[in-house]
There are 2 protein chains.
Amino acid sequence: MEPINLNQKFAQFHDHWNPRIIGELNDQHIKIAKVQGEFIWHSHQHEDELFIVVQGTLLMDFRDKTVALRPGELLVVPKGVEHRPRTEGETWIMMIEPKTTLNTGNVENERTRKELEVL
Amino acid sequence: MEPINLNQKFAQFHDHWNPRIIGELNDQHIKIAKVQGEFIWHSHQHEDELFIVVQGTLLMDFRDKTVALRPGELLVVPKGVEHRPRTEGETWIMMIEPKTTLNTGNVENERTRKELEVL
């Protein structure tokens, strides 16, 4: 029951597309990541995903449109919906999703991260 | 799959301790509220609660300590733990919790809010 300070957590790492766990509730993880450039297309069969932008701009490509997300904005990506996160500069994001959620969803490749570090 | 802009949502109401629903994921609601002054002591038997401060300072009293939460800080109140939210000035908060969560938890009185408005 201590406050989780986002800036303190983000200061602890510098690599991209490698989420860290900063908290948990109701069988979900609160994760943060620094992201830059283009991720892969994927979907999550069983999990809705919440994205909150802390710094920068997150572009979320869907098959029929792109949504731009800035600090103070949230986006829920419903289960089953294909999406591709993308940025122009470095962007800091927070995600809340079930513990079962894999960063690359239905795809498993060199960008998949398991056994995430807990900060 | 549209961005949820927090400032736009907060602009739509002015009363205190009356949460609104701004989104949902995985059987949870994303709620926001403007709060000021002291709420009641309560706990949630089955639900962990996530508090995120958007503006102002939230003081969370526990039976053995008080935690101060500012913008950019998060707090998870685990199920079963008695707590009392409190502020000095007006504070804007976001909460993520299961749809079953009642604002007054195990207490039901004139401060209880059911059938929350969806913004």
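No experiment lies behind these values; they were computed from the predicted model shown.

Rules and cut-offs
- Residues numbered from 1 in each chain as written.
- Chains lettered and ligands numbered in written order.
- Predicted model: local features only at pLDDT ≥ 70, side-chain atom pairs only at ≥ 80, totals over all residues.
- Heavy atoms only, no water.
- Phe/Tyr/Trp six-rings, centres within 6.5 Å; stacked < 30°, edge-to-face > 60°.
- Helix = DSSP H or I, 4+ residues; strand = E, 2+ residues; numbered from the N terminus.
- Buried < 20%, exposed > 50% of the residue type's maximum accessible area, 1.4 Å probe, protein only.
- Lys NZ or Arg CZ within 6 Å of the ring centre and 35° of its normal.
- pLDDT = per-residue confidence, 0-100.
- UniProt positions renumbered as here; feature names shortened; annotations may be inferred.
- Salt bridge = Lys/Arg side-chain N within 4 Å of Asp/Glu carboxyl O.

Re the packing of aromatic side chains
In total, this model carries six aromatic pairs over all chains according to the counting rule given. Between A:Phe10 and A:Trp92, the aromatic rings sit 4.7 Å apart at their centres with planes inclined by 20 degrees, giving stacked as the arrangement. A residue pair is termed long-range when its members are at least 10 positions apart, and A:Phe10 in helix H1 (residues 6-10) and A:Trp92 in strand E9 (residues 91-98) qualify at 82 residues. Taken as a pair, A:Phe10 and A:Trp92 share a single burial class, namely buried. Aromatic ring contacts, followed pair by pair, group A:Phe10, A:Phe13 and A:Trp92 into a single cluster. The ring of B:Phe13 has B:Lys34 sitting right over it, with the charged end atom 5.3 Å from the ring centre. Positioned above the aromatic ring of B:Trp41 is the side chain of B:Arg63, whose terminal nitrogen or guanidinium carbon lies 3.8 Å from the ring centre.

Let's talk about the confidence of the model for chain A
Per-residue confidence for chain A averages 94 on the pLDDT scale, and 100% of its residues sit at or above 70. Ranking the elements of chain A by mean pLDDT puts E9(A) last with 95 and strand E5 (residues 58-61) of chain A first with 98.

As for the UniProt feature "domain: Cupin type-2" (unreviewed entry) in chain A
Within this structure's numbering, the places UniProt gives as "domain: Cupin type-2" (unreviewed entry) are residues 36-91 of chain A. As annotated, residues 36-91 of chain A has a helix share of 0% and a strand share of 43%, and its two end C-alpha atoms lie 6 Å apart.

Considerations on the pattern of salt bridges
Under the counting rule described, the total for this entry stands at 22 salt bridges over all chains. With its nearest N and O atoms 2.9 Å apart, the salt bridge here joins A:Glu82 to A:Arg63. Of this pair, A:Glu82 sits in the loop between strand E7 (73-77) and strand E8 (84-86) while A:Arg63 is found in the loop between E5 and strand E6 (66-69), placing the two residues 19 residues apart along the sequence. Assessed through its relative accessible area of 34%, A:Glu82 is described here as partly exposed. Taking the shortest distance from any N to any O, the salt bridge between B:Lys99 and B:Glu24 comes out at 2.7 Å. Pair noted here: B:Lys99 is in the segment after strand E9 (91-98) and B:Glu24 is in strand E2 (residues 20-25), with a separation of 75 residues, a long-range link. Taking the relative accessible area as the measure of exposure, B:Glu24 reaches 44% and is therefore partly exposed. Put simply, A:Glu38, A:Asp61, A:Arg84 and A:Arg86 are held in one network by salt bridges that share partners.

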